[in-house]
Amino acid sequence: MRNDLAELTSLNRDYINSVQNSDVKRFDEILAEDFYCSNPDKSLVDRWGFLKQTAVPVTIRNLEAYDVNIRIMGDFAIIHAATRYTTADGEQGSGRYTDCWARQNGRWLAVSAHVSR
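*Asks:* Hey, could you go over the overall build of the chain for me, with residue numbers and the actual values?
*Replies:* When helices and strands are tallied, the chain shows 3 helices and 6 strands. The N-to-C order of helical and strand elements in the chain reads α-α-β-β-α-β-β-β-β. In terms of overall size, the chain behaves like a compact globule, its C-alpha atoms giving a radius of gyration of 14 Å where 117 residues would be expected to give roughly 13 Å. Considering the chain as a whole, with its 117 residues, one finds that 39% of them fall into the buried category. Expressed as a percentage of contacts within the chain between residues at least 6 apart in sequence, the contacts between residues at least 24 apart total 47%. Accessible surface, the chain: about 6,900 Å² in total, of which carbon and sulfur atoms supply 49%. For the chain, the centre of its 14 positive side-chain charges and the centre of its 16 negative side-chain charges are spaced 3 Å apart.

This is the structure in structure tokens:
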């Protein structure tokens, strides 16, 4: 379980960095084929829609996750965390997310995300 925790901690960091840097390539590597995301605007996007929206550079900066809670249940894991960031206007913003991960063919892949602000 320690190796799983370390791997999921690293993947969570990659996920946040990929949001901040519009890193479609990294998301393509870590998202399951049947990935879905619930966006803050209440829209639901599939993997392709998520990659498309990720390709658009974000206007926020200094995105960071904190209060990260990783719960591992065999070949399934849930990551709850809070975020803070700076908006384009220089204001401080915050949110929360819940990501679900599944071990598929020996690899942890994100299968679901829910983001709120």
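*Asks:* Outline the sheet that holds strand β6 (residues 107-116), listing residues and values.
*Replies:* Strand pairing in a sheet relies on backbone hydrogen bonds. The paired strands run either parallel or antiparallel. Across the sheet, 6 strands lie side by side as β2-β1-β6-β5-β4-β3; this open sheet has mixed pairing. Bordering the open sheet on either side are β2 (44-46) and β3 (61-73), each of which pairs with just one other strand. If you compare each strand with its neighbour and ignore which way they point, the axes differ by 20 degrees on average. Where strand β1 (residues 31-38) lies against β2, 3 bridges are found, and the strand directions are antiparallel. By the bridge assignment for β2, Y36 is matched with D46. In the packing of helix α1 (residues 2-21) onto the sheet, contacts are made with β1, β3, β4 (76-86), β5 (92-104) and β6, and the angle to β3 comes to roughly 150 degrees.

*Asks:* Give me the nonpolar core: which residues, what numbers.
*Replies:* Within the largest apolar cluster, 25 residues are counted, with the highest numbers of intra-cluster contacts made by L8, Y15, F27, L31, F35, F50 and W101. Contact partners of Y15, with chain neighbours within four places excluded, come to F27, I30, L31, F35, F50, D99, W101, A110 and A113. Counting residues in each nonpolar core, the second largest holds 6 residues, with A32, I78, A102 and V111 among its members.

*Asks:* Which residues make up helix α3 (residues 47-54), and what are the values?
*Replies:* For α3, the complete set of buried residues consists of R47, G49, F50, L51 and T54. Here the buried face of α3 lies against α1, α2 (24-30), β1 and β2.

*Asks:* Got a sec to walk through the environment of V68? Specific residues and values, please.
*Replies:* Position of V68 relative to the elements: it lies in strand β3. As for V68 and Q104, which are separated by 36 residues in sequence, their C-alpha atoms are 23 Å apart.

*Asks:* Go over the pairing of β1, please, and point to the residues and values.
*Replies:* Alignment of β1 against β6, held across 4 bridges, turns out to be parallel. Looking at β6, one finds that S38 is bridged to H114.

Calculation criteria
Residues numbered from 1 in each chain as written. Predicted model: local features only at pLDDT ≥ 70, side-chain atom pairs only at ≥ 80, totals over all residues. Heavy atoms only, no water. Helix = DSSP H or I, 4+ residues; strand = E, 2+ residues; numbered from the N terminus. Rg over C-alpha atoms; globule rule 2.2 N^0.38 Å. Buried < 20%, exposed > 50% of the residue type's maximum accessible area, 1.4 Å probe, protein only. Contact = heavy atoms within 4.5 Å. Areas by Shrake-Rupley, 256 points an atom, 1.4 Å probe, with all protein chains shown as cover. Lys, Arg positive; Asp, Glu negative; His and termini not counted. Charge placed at Lys NZ, Arg CZ, Asp CG, Glu CD. Pairing = 2+ DSSP bridges. Axes fitted to C-alpha atoms, helices over the stretch in contact; angles between N-to-C directions. Core = buried A, V, L, I, M, F, W, Y, C linked by side-chain atoms within 4.5 Å.

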